[in-house]
Amino acid sequence: MATLGEEFQTILKEIENARLDTNHLEAAYLKLLTFDSKFEEHLKHKESAYNKLSQLYCKQNKPQLVFHIMKTHDFSGFNQTRAAKIMRQMIDQVAQLENTIELQVEMCQFLIDQCARDKKNYLKHKMQIRLATLYNEQEKFTQGIEIIDKIVGEVRKADDKHLLLEIYLIESKLHFGQTNLAKAKASLTAARACSNTIYCPPHVQAEIDMMAGILYAEERDYRTSYSYFYEAFEAFNNLEDKRALSTLKYMLLCKIMIGATDEVKQILTGKYGLKYAGRNLEAMKAISNSNQKKSLIEFTKVLEEYREEIEGDKVMKLHIKQLYEVLLEMNLFQVIQPYSKVQIDYITQRMQIDVEIIQRKLSELILDKKIDGTLDQGDDCLILFDTIKHDNLYQHSLSLINNLNGVVDKLFDRVKVK
């Protein structure tokens, strides 16, 4: 009868021999996962088998089979931390495939329920944080915040600073998604405080800096925002993280928003601009050039040409919309400035924009008192009023008379005393 070690070696040989045959390889990996042992050497091979089998299923575009493994295996022999690592890697493998967010949500919810039954609190909290992150990607911000509110008290009692750091960071992102900047900043401040008391991995510190840059950009403090984005970019670039490209785009966005066109060119022609060259940076270059020319027509063409690169990023979309509004206002003033009465059709022809957009913007400018005029719906035109120059002579004369009255009163008082 074969010993435990001999059986294990036999399975490893089967895996080695089946390396080119995916069907046999799958069967060998599944056989290895059913092998019950607590020896460290065996556990290392089982951990590798979970990872490689997940990779195999993902290459075959069968992420549901990865979920099936999670449901049918109890990860016996592994401690909570190691089991969390294996399951997190499995979800990470599925996350690399497109259109799998719903499946990832199911996987997380399944693991959370399982951990609650087994009272594996650490793993449960890790999966709840992951689930909140997925809800953030799905823009289900309220559901994400509800999860965070449930676990933050438990983690505080456990005094797990590393988990608290992750919780505060995702909480900040969720509040930002709800446009609640005050709470987003408060959560980020708490995350930064946690990071100062423990060892903070470079990628987490980069996430904190990136989030700080986003919040400062939202407050239109683009110079401070740029410095945070630069710190985040340096870290992501050194880690070869794909988020480095997004952070570089945000750096360029900050320079565009403050009108530093020359600095945009320097970044694009520098080593990082060449390293990450592609349609994303081409879009930023085109936006910068059209903004420099103050041309709304050219800017609109750029938005159409690079729609996917701009609208696919929530932060980019938000600030590019603000830039569009600024250029629209500036170009409107240029068109209407020489006239006291101007047809709406003429403005739309000059600016090549839909009449609804022109009417909406003109109404805003009139209500904000940036334009002294009115919209004549009957003649479909804008009537501008002459700016009345206020003469201060009358006010100055009244002030002079009041002062003279004061002098006369004092003179009378002196005469009475004598």
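What counts and what doesn't
- Residues numbered from 1 in each chain as written.
- Predicted model: local features only at pLDDT ≥ 70, side-chain atom pairs only at ≥ 80, totals over all residues.
- Heavy atoms only, no water.
- UniProt positions renumbered as here; feature names shortened; annotations may be inferred.
- Helix = DSSP H or I, 4+ residues; strand = E, 2+ residues; numbered from the N terminus.
- Rg over C-alpha atoms; globule rule 2.2 N^0.38 Å.
- Buried < 20%, exposed > 50% of the residue type's maximum accessible area, 1.4 Å probe, protein only.
- Contact = heavy atoms within 4.5 Å.
- Polar contact = N/O pair within 3.5 Å; in protein donor to acceptor, adjacent residues only side chain to side chain.
- Salt bridge = Lys/Arg side-chain N within 4 Å of Asp/Glu carboxyl O.
- Axes fitted to C-alpha atoms, helices over the stretch in contact; angles between N-to-C directions.
- Parallel < 35°, antiparallel > 145°, perpendicular 65-115°, else oblique.
- Left-handed = near helix turned anticlockwise from the far one by under 90°.
- Nonpolar A, V, L, I, M, F, W, Y, C, P; charged D, E, K, R; others polar.
- Disulfide = S-S within 2.5 Å.
- Expected span 1.5 Å × (residues − 1).

Naming follows an unreviewed UniProt entry, where the chain appears as PCI domain-containing protein of Paramecium primaurelia. Among the UniProt annotations of the chain, the heading Sequence similarities (unreviewed entry) holds the following wording: "Belongs to the proteasome subunit S9 family." Under the heading Subunit (unreviewed entry), UniProt records this for the chain: "Component of the lid subcomplex of the 19S proteasome regulatory particle complex (also named PA700 complex). The 26S proteasome consists of a 20S proteasome core and two 19S regulatory subunits."

*Asks:* Report on the overall build of the chain, specifying residues and quantitative values.
*Replies:* Per the secondary structure count, the chain includes 22 helices and 3 strands. For a compact globule of 418 residues, the expected C-alpha radius of gyration is about 22 Å, and the chain comes in at 32 Å, more than 25% above that figure. Its C-alpha atoms give the chain principal-axis dimensions of about 130 × 65 × 45 Å. For the chain, buried positions account for 43% of its 418 residues. Restricting the contact set of the chain to residue pairs at least 6 apart, pairs at least 24 apart contribute 58%.

*Asks:* Which residues make up the side chain of arginine 130, and what values go with them?
*Replies:* Checked against the element boundaries, arginine 130 lands in helix α7 (residues 121-137). You can call arginine 130 buried: its relative accessible area is 17%. Engagement of the side chain of arginine 130 in a polar contact is seen with the side chain of aspartate 92, the distance being 3.0 Å. With near-sequence residues (within four places) excluded, arginine 130 lies in contact with Arg88, Ile91, Asp92, Ala95, Gln104 and Cys108.

*Asks:* Any chance you could break down the pattern of salt bridges for me, citing the residues and the numbers?
*Replies:* Where charged atoms of side chains with opposite charge meet at close range, the side chains can pair. Scanning the entire structure with this criterion turns up 22 salt bridges. One network of salt bridges, in which partners are shared, links Glu325, Glu329, Arg360, Lys361, Glu364 and Lys370.

*Asks:* If you had to explain unusual backbone geometry to someone new, which residues and values would you point to?
*Replies:* If you check the backbone angles, aspartate 159 has positive phi at about 55° while not being a glycine. Structurally, aspartate 159 can be placed in the loop between α8 (141-158) and α9 (161-177). In the Ramachandran plot, arginine 220 falls in the positive-phi region, its phi being about 65° despite a non-glycine side chain. On the secondary structure map, arginine 220 appears in the loop between α11 (202-218) and α12 (222-238). Given the relative accessible area of 57%, arginine 220 is considered exposed.

*Asks:* Before we move on, can you summarise the packing of α11 against α12 with the specific residues and values?
*Replies:* Between two packed helices, what matters for the description is the angle formed by their axes and the separation of those axes. Here α11 crosses α12 at 160°, and the two axes come no closer than 8 Å. Taken together, the axis directions place α11 and α12 in an arrangement best described as roughly antiparallel. The chirality of how α11 crosses α12 is left-handed. Judged by residue contacts, Pro202, His203, Ala206, Glu207, Asp209, Met210, Ala212, Gly213, Ile214, Tyr216 and Ala217 of α11 engage Tyr222, Thr224, Ser225, Tyr228, Phe229, Glu231, Ala232, Ala235 and Phe236 from α12. Taken together, the residues that form the contact of α11 with α12 break down as 13 nonpolar, 4 polar and 3 charged.

*Asks:* Can you explain the state of the cysteines? Please cite residues and give values.
*Replies:* Inspection of every chain in the model, using the stated rule, returns 0 disulfides. This cysteine, cysteine 58, is not joined by any disulfide, and cysteine 108 carries the nearest cysteine sulfur, 14 Å off. The buried category is assigned to cysteine 58, whose relative accessible area is 9%. We note that cysteine 200 lacks a disulfide partner, and the nearest cysteine sulfur, in cysteine 194, lies 9.8 Å from it.

*Asks:* How would you explain helix α16 (residues 279-293) if you had to name every residue and give the values?
*Replies:* Given a rise of 1.5 Å per residue, 15 residues ought to cover 21 Å, and the 21 Å separating the end C-alpha atoms of α16 matches this to within 8%. Within the span of α16, buried status applies to Leu281, Ala283, Met284, Ala286, Ile287, Ser288, Ser290 and Asn291. In the core, the buried residues of α16 are packed alongside α13 (243-257), α14 (261-269), α15 (271-275), α17 (296-305), α18 (307-311) and α19 (314-336). Looking one or two residues past α16, lysine 294 carries a phi angle of roughly 55°, positive in sign.

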